[in-house]
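Understanding the architecture of this molecule
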Amino acid sequence: MDSSRRQILKFFGISALAMSTKPVLDAFAAGQAAGDAEANEHTQSGPDALKARQWAMVIDTREFHSLEDVEPLIEACHKIHNVPHLPVKRHEIKWIWETEYKHAFPMKGARFMAEDLQHRPILVLCNHCENPPCCRACPTQATFKRESDGIVLMDFHRCIGCRFCMAACPFGARSFNFRDPRPFIAETNKQFPTRAKGVVEKCNFCAERLAVGQQPACVEASEDKITFGDLYDPESKVRELIKTNYTIRRKQSLGTEPAIYYIV
Amino acid sequence: MKKSKGVIIGIIIFLAVVTFPFLYNRGKAAPVPELVLTETAKAAQQCVRSKDYMQREHMKILDLWRHTVVRSGERVYVNPQGKEFNMSLSNTCLDCHSNKAEFCDRCHDYASVRPYCWDCHIDNPKESK
């Protein structure tokens, strides 16, 4: 009698266990099916997207003589990227700007150098370093070096505004939005987002233009004074210019490997 | 005994005050918002995904979009039907749904969520307040 009761209980126990596993298995199966549905969607790059291992730029400074030569380029960039124009110098936001030789290339100047070279406007922007110190400083990986083409990019959604990257960048290429930038944008380009107060911003090598097969805005506006291309493609125009001209880079001794080359 | 009278009155006042908002708003649940589609959105028939999916999961799609566009540089989204879309909140989503106040805001207010997408991405100026 005892043993048979025990067996009945065992039987019930095992049946209950078997029945309770079915819903669990069903749920797993449903999860699998949902996963399959998700797999049907995918993302890809556009058909015209320009690709490279490391984008680089060669700026022929000999072609820029006065402010009138550089201003259209700066204007072109700042206009399409909704870069605000803030009147107060310490709030200034800039993606590309001009400076003097002695500021662009400290330690490279010579006494009694050619006056033309001393005073010609040198265009400076983010160098998209191959070994970028800003990306190492960023605690949220909001700024990162894109593996696919070597552009040092900003993910504004992630930026917490700590400004470590600004301290880390030896070129002062980054600006901080101390104020809401929107009221200071003369004409908003609706194709490109604006930024919010409290994020850092800088040149993005026109990643949004490269994705649709266009050259960066400053290159397009420069009328061949600036050349853009893949540093690791031996056939590229950039490589040819670097080979046939003497080029210098900003603060090369720091080892960040800037990707902007200057013909002086 | 004298004291307990005051306590009971106090309890009654307390309950009246605490339950007042519930009693006052009784039977007046906020109506489920009705969304207005723009002409462009109506003409397109279907959004990036089905209406049901978009209602539930649009934030997930937007999250996928911003991540892939910004971080992997892929800008084309192919939906399960094989149709391609430019992954852009400003240029794709808000191009059709240009009526932020009647489309986005109504639901977000109802659900009491405050996404900050529009801090940076355009809210179509034609339609903004």
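Residues numbered from 1 in each chain as written. Chains lettered and ligands numbered in written order. Predicted model: local features only at pLDDT ≥ 70, side-chain atom pairs only at ≥ 80, totals over all residues.

Re the overall build of chain B
- Along chain B, the regular secondary structure elements total 5 helices and 2 strands.
- In chain B, the order of α-helices and β-strands from amino to carboxyl end is α-α-α-β-β-α-α.
- Here chain B has a C-alpha radius of gyration of 23 Å; the compact-globule value for 129 residues is 14 Å, and the former is much larger.
- Relative to its 129 residues, chain B shows a buried fraction of 15%.
- If you take every contact in chain B between residues at least 6 apart in sequence, the share linking residues at least 24 apart comes to 59%. (Helix = DSSP H or I, 4+ residues; strand = E, 2+ residues; numbered from the N terminus. Rg over C-alpha atoms; globule rule 2.2 N^0.38 Å. Buried ≥ 20, exposed ≤ 12 C-beta atoms within 10 Å, placed from the backbone. Contact = placed C-beta atoms within 7 Å.)

Let's talk about the overall build of chain A
- Helices and strands together make up the secondary structure of chain A, namely 9 helices and 11 strands.
- Rg of the C-alpha trace for chain A: 28 Å, well past the compact-globule value of 18 Å for 264 residues, more than 25% over.
- Projected onto its principal axes, the C-alpha coordinates of chain A cover approximately 115 × 45 × 35 Å.
- Scored against the burial criterion, the 264 residues of chain A give a buried share of 33%.
- Intrachain contacts of chain A at a sequence separation of at least 6 include 66% that bridge at least 24 residues.

Structural notes on the sheet that holds strand β10 (residues 247–248) of chain A
Residue and element names in this part refer to chain A.
- In spatial order, the strands read β9-β2-β11-β10; together these 4 strands make up an open sheet with mixed pairing. Among the strands making up the open sheet, the edge pair consists of β9 (226–230) and β10.
- Alignment of strand β2 (residues 55–60) against strand β11 (residues 260–263), held across 4 bridges, turns out to be parallel. Residue pairing in the sheet places V58 in a bridge with Y261 of β11.
- Those strands touched by helix α9 (residues 237–244) are β2, β9, β10 and β11, and its axis lies near 115° from that of β9. (Pairing = 2+ DSSP bridges. Axes fitted to C-alpha atoms, helices over the stretch in contact; angles between N-to-C directions.)

Regarding the domain arrangement of chain A
- Under the domain assignment used here, chain A contains domain 1 (1–42) and domain 2 (55–263).
- For domain 1 of chain A versus domain 2 of chain A, the separation of C-alpha centres amounts to 60 Å. (Domains from an automatic or database assignment.)

Considering the sheet that holds strand β2 (residues 84–86) of chain B
- Pairing within the open sheet is antiparallel, and its 3 strands lie in the order β1(A)-β1(B)-β2(B). Single-partner strands in this sheet number two, and they are β1 (42–44) of chain A together with β2 of chain B. Across the sheet, the mean angle separating the axes of adjacent strands is 30° when strand polarity is ignored.
- In the sheet, strand β1 (residues 76–78) of chain B pairs with β2(B) via 3 bridges, with the strands oriented antiparallel. In the strand pairing of β2(B), V78(B) is matched with E84(B).

A short note on unusual backbone geometry
All names here are of chain B.
- For Q45, which is not glycine, the phi torsion reads 65° and is therefore positive.
- Tracing the sequence through the fold places Q45 in the loop between α2 (39–43) and α3 (51–72).
- Residue class for Q45 comes out exposed when judged on the 6 C-beta atoms lying within 10 Å of it.
- Even without being glycine, S112 reaches a positive phi, approximately 55°.

What about helix α2 (residues 67–80) of chain A?
Residue and element names in this part refer to chain A.
- Over its 14 residues, α2 runs 20 Å from end to end, which matches the ideal 20 Å to within 8%, given 1.5 Å per residue.
- Looking only at α2, the buried set comprises V70, L73, I74, C77 and H78. Summarising the axial view, the buried residues of α2 lie within an arc of 125°, below the 170-degree limit, and thus occupy one face.
- Looking at the buried positions of α2, the neighbouring elements they touch are β3 (96–99), β4 (122–125) and α8 (217–221).
- Once α2 finishes, N82 follows within two positions and takes phi at roughly 55°, a positive value. (Expected span 1.5 Å × (residues − 1). Arc of directions from axis to C-beta.)

A few points about the interface of chain A and chain B
- Counting residues at the interface gives 22 residues for chain A and 19 residues for chain B.
- Broken down by element, the residue count for the side of chain A that touches chain B peaks at 3 residues, all from β1(A).
- When the residues that make up the side of chain A that touches chain B are grouped by side-chain class, the tally is 7 nonpolar, 10 polar and 5 charged.
- By the bridge criterion, 3 bridges tie β1(A) to β1(B) in an arrangement that is antiparallel. (Nonpolar A, V, L, I, M, F, W, Y, C, P; charged D, E, K, R; others polar.)

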